[in-house]
Amino acid sequence: MAAVELAFQERVSLLYLLWRAEQRGKRRPRRTWVHQVLQRREQFGEFHHLLQELRLDDGRFQRYHRLSLGQFEDLLSRVGPRVARLDTNYRRSIPPAERLSICLRFLATGDSFRTIAFSFRVGVSTVSQIIPQVATAIWDCLVDDFMAVPSQGDWRSIAEEFQERWHFPLCCGALDGKHVQTKAPPNSGSMFYNYKGTFSIVLLAVVDARYRFRVIDVGGYGRTSDGGILANSTFGQALRAGTLHLPPDQPLPGGEHRGAQPHVFVADEAFPLRRELMRPFPGRLLPLEKRIFNYRLSRARMIVEGAFGVLSSQWRMYRHSMELRPEIAEKCVKATCVLHNFLRCLDERGAPAVRSVAPAVVEPLHSLGRVAANNSSREAVLVREKFMAHFSAEGAVTWQPKE
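Residues numbered from 1 in each chain as written. Predicted model: local features only at pLDDT ≥ 70, side-chain atom pairs only at ≥ 80, totals over all residues. Heavy atoms only, no water.

Going by the annotation in an unreviewed UniProt entry, the name recorded for the chain is Protein ANTAGONIST OF LIKE HETEROCHROMATIN PROTEIN 1, with Oreochromis niloticus given as the source organism. Taken from UniProt, the Cofactor (unreviewed entry) comment for the chain reads in full: "a divalent metal cation". What UniProt records for the chain under Sequence similarities (unreviewed entry) is the sentence "Belongs to the HARBI1 family." (UniProt positions renumbered as here; feature names shortened; annotations may be inferred.)

Structure, rendered in structure tokens:
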């Protein structure tokens, strides 16, 4: 009986194999290597048709790419060698200028890969490869020149500009976080689910007095608070360890009698109070001195909010929920931040200042441990009180609250 059953199973297996072979023989061969619509890319594609007309109108070219023609050519000269591909016997490669245009168009609009593929007459899979490759090249080619780690002299210059422009002395930057909506990866649970009810990664940034990003951390889980991301970031650890190379303590302007004070960063109430990190006094019914301090701190802190506003207005991918995996979204966010500095530096100076130091970005946060309780040290409380007293006395300005 067992032998009969085994023979039956072998016969069924043989029939199945014969059927599979017959089905493979019936499979229709591919008619074309590239679809005929895509074959006419150079005749009717957006880059080869529309973009060549826009080159004659710098204003429209700028609205299309968010870069002027001169800025586009400057950027292309930097990233072109990194994104160029070799031709093969089967097809010609997409030139670097077209690759850069595809990436910039996505960053500028946030359109789906399919929409951009139809516009440029390339495959969707081609767009999905070009965008992260070019975004990575933009970051790698620009970060050393436009977002280098600040030296002690740089921190001092930033503090002088905050004093001159925003009347907050010894301030080395404004700190805040921004949620970037993205697609939650499979099996991620609630790691990327934020308090707004969406999935996101977090961009944590330090901004100087001219709305330029000086340090960024990209990739924090959306569910984590700004203070938690700071505590687990390389910047936050360096801030706690005192290895940021901040300038030495010095007296507040006109407040030599108060003693030397540390250089600080300003942040909102989501961050902890530390010796080098100032946050506002909590509560509503506050004494006048505390309200003045909160006003002066808020005035300086709004710089980072303004930088995020300029970033999302310039690169409108931030106005949509990006259907991207977090690792690709991180590359796009880093590219837009360094492009933001690239454009501001060119607008302010006309030509970039070249520097060669390590990049200021830190690695994405893959796991966040338990964050310590928000207990301020006595020294941090005293530093904030010294700033509060300074703003109500020798450091007062005419437009701050008076009652």
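Participant: I would appreciate a short explanation of the overall build of the chain in the present structure.
Facilitator: If you tally the helices and strands in the chain, you get 15 helices and eight strands. Taken across its 403 residues, the chain has 46% of its residues classed as buried. As displayed, the chain offers around 20800 Å² of accessible surface, 52% of which is attributable to carbon and sulfur atoms. (Helix = DSSP H or I, 4+ residues; strand = E, 2+ residues; numbered from the N terminus. Buried < 20%, exposed > 50% of the residue type's maximum accessible area, 1.4 Å probe, protein only. Areas by Shrake-Rupley, 256 points an atom, 1.4 Å probe, with all protein chains shown as cover.)

Participant: Explanation requested: the pairing of strand β1 (residues 171–181) in the structure shown.
Facilitator: Where a strand is regular, its side chains alternate between the two sheet faces. Counted residue by residue, β1 has ten buried out of eleven residues, so it is predominantly covered. Here β1 pairs with strand β6 (residues 264–266) via two bridges, running parallel. Bridged to C171 within β6 is V264. Pairing of β1 with strand β2 (residues 200–207), which is carried by eight bridges, proceeds in the antiparallel orientation. Bridge pairing links K178 to L203 in β2. (Pairing = 2+ DSSP bridges.)

Participant: What should I look at first to understand the nonpolar core in this one?
Facilitator: Grouped burial of nonpolar side chains is what soluble globular proteins tend to show. Counting 112 residues, the largest nonpolar core has F106, I138, F213, F265 and W315 as its most contacted members. Ignoring sequence-local partners within four residues, the contact set of I138 consists of V79, L100, C103, A335, V338 and L339. (Core = buried A, V, L, I, M, F, W, Y, C linked by side-chain atoms within 4.5 Å. Contact = heavy atoms within 4.5 Å.)

Participant: Explain the side chain of K178 here, please?
Facilitator: Topologically, K178 is positioned in strand β1. Within the buried core, K178 has no salt-bridge partner, and the shortest N-O distance to an opposite charge, that of E305, equals 7.8 Å. Residues in contact with K178, not counting those within four places in the same chain, are I201, V202, L203, F308, S312 and Y318. (Lys, Arg positive; Asp, Glu negative; His and termini not counted. Salt bridge = Lys/Arg side-chain N within 4 Å of Asp/Glu carboxyl O.)

Participant: Would you mind showing me how to read helix α13 (residues 288–314) here?
Facilitator: Within an α-helix, residues lying three or four positions from one another point in the same direction, as the helix has 3.6 residues per turn. The end-to-end C-alpha distance of α13, which contains 27 residues, comes to 39 Å, matching closely the 39 Å that a straight helix rising 1.5 Å per residue would cover. Its axis deflected by about 30° at A300, α13 carries its strongest bend there. (Expected span 1.5 Å × (residues − 1). Bend = angle between axes of the 7 residues up to and from the residue.)

Participant: What should I look at first to understand the environment of L288 in this one?
Facilitator: Turning to its location among the elements, L288 is positioned in helix α13. According to the relative accessible area criterion, L288 is partly exposed, its value standing at 31%. Sequence separation between L288 and E403 is 115 residues; the distance between their C-alpha atoms is 6.3 Å. Leaving out residues up to four positions away in the same chain, L288 has contacts with P401, K402 and E403.

Participant: Where do I start with the side chain of S93 in this structure?
Facilitator: When you line up the elements, S93 lands in the loop between α6 (69–83) and α7 (96–109). Within polar-contact distance, the side chain of S93 engages the backbone oxygen of R85 at 2.8 Å. Those residues in contact with S93 that lie beyond four places of it in its chain are R85, L86 and D87. (Polar contact = N/O pair within 3.5 Å; in protein donor to acceptor, adjacent residues only side chain to side chain.)

Participant: Mind showing me how you'd approach the pattern of salt bridges here?
Facilitator: Pairing of side chains with opposite charge becomes possible as their charged atoms draw close. According to the stated counting rule, one finds 15 salt bridges in the structure shown. In this structure, D208 engages R214 in a salt bridge whose closest nitrogen and oxygen atoms are separated by 3.1 Å. On the basis of relative accessible area, R214 is assigned to the buried category, the value being 14%. Note that R301 is salt-bridged to E305, the shortest N-O span being 3.2 Å. Taken together, the residues span about one helical turn, with R301 and E305 both in helix α13 at a distance of four residues. We classify R301 as buried; its relative accessible area is 12%. Each of D249, R275, E276 and E379 takes part in salt bridges that share partners, so that together they form one network.

Participant: Where do I start with the pairing of β2 in this structure?
Facilitator: With respect to burial, β2 is a largely interior element, eight of its eight residues being buried. A two-sided burial pattern is seen for β2, the buried positions comprising S200, V202, L204 and V206 on one face and I201, L203, A205 and V207 on the other. Looking at chain direction, β2 and strand β3 (residues 213–221) are connected through seven bridges and run antiparallel. Residue pairing for β3: A205 is matched across the bridge by I216. Between β2 and β3, which follow one another and run antiparallel, lie five residues, and Y211 among them has a positive phi close to 65°.

Participant: How do you make sense of unusual backbone geometry when you look at a structure like this?
Facilitator: A negative phi angle characterises most non-glycine residues, just as the trans form characterises most peptide bonds. One non-glycine residue, H167, lies in positive phi territory at about 55°. With respect to the helices, strands and loops of the structure, H167 is situated in the loop between α10 (152–166) and β1. Positioned with a positive phi, Y211 is a non-glycine residue whose angle comes to about 65°. The topology assignment puts Y211 in the loop between β2 and β3. With a relative accessible area of 23%, Y211 lands in the partly exposed category.

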